[in-house]
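Residue-level structural notes
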Amino acid sequence: MLLSSGAVAHADPVAEPDPGVTPEPAAAQFGPVLGDSVGPDAGLLAVGGGLVVAAGGAALWLKRRRAGEPAE
């Protein structure tokens, strides 16, 4: 009990935000860095990779179904 009340007594006061300044969103800070490093074809790679994974899962499911194993 004493430790928790001591920690509250030494906490720094919270600064009030300046009403004239609007904060910048975090996405605006990282947008150009991520956009330049990934490249314009990143979306196509992600969709293609997802299709490959889905096709592999479907093939595995079909193989198990034809073998007579119960589906999970």
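Residues numbered from 1 in each chain as written. Predicted model: local features only at pLDDT ≥ 70, side-chain atom pairs only at ≥ 80, totals over all residues. Heavy atoms only, no water.

Some thoughts on the overall build of the chain
Of the regular secondary structure elements, the chain holds three helices and zero strands. In sequence order, the chain lays out its α and β elements as α-α-α. If you sum the accessible surface of the chain, you get close to 6800 Å²; carbon and sulfur atoms cover 68% of it. (Helix = DSSP H or I, 4+ residues; strand = E, 2+ residues; numbered from the N terminus. Areas by Shrake-Rupley, 256 points an atom, 1.4 Å probe, with all protein chains shown as cover.)

Some remarks on the confidence of the model for the chain
Predicted confidence across the chain gives a mean pLDDT of 75, with 57% of residues reaching 70 or more. Ranking the elements of the chain by mean pLDDT puts helix α1 (residues 2-9) last with 54 and helix α3 (residues 42-67) first with 94. (pLDDT = per-residue confidence, 0-100.)

Observations concerning α3
For α3, which comprises 26 residues, the first-to-last C-alpha distance of 38 Å matches the rise-based estimate of 38 Å (1.5 Å per residue) to within 8%. Just downstream of α3 lies Gly68, where phi reads positive at about 95°. (Expected span 1.5 Å × (residues − 1).)

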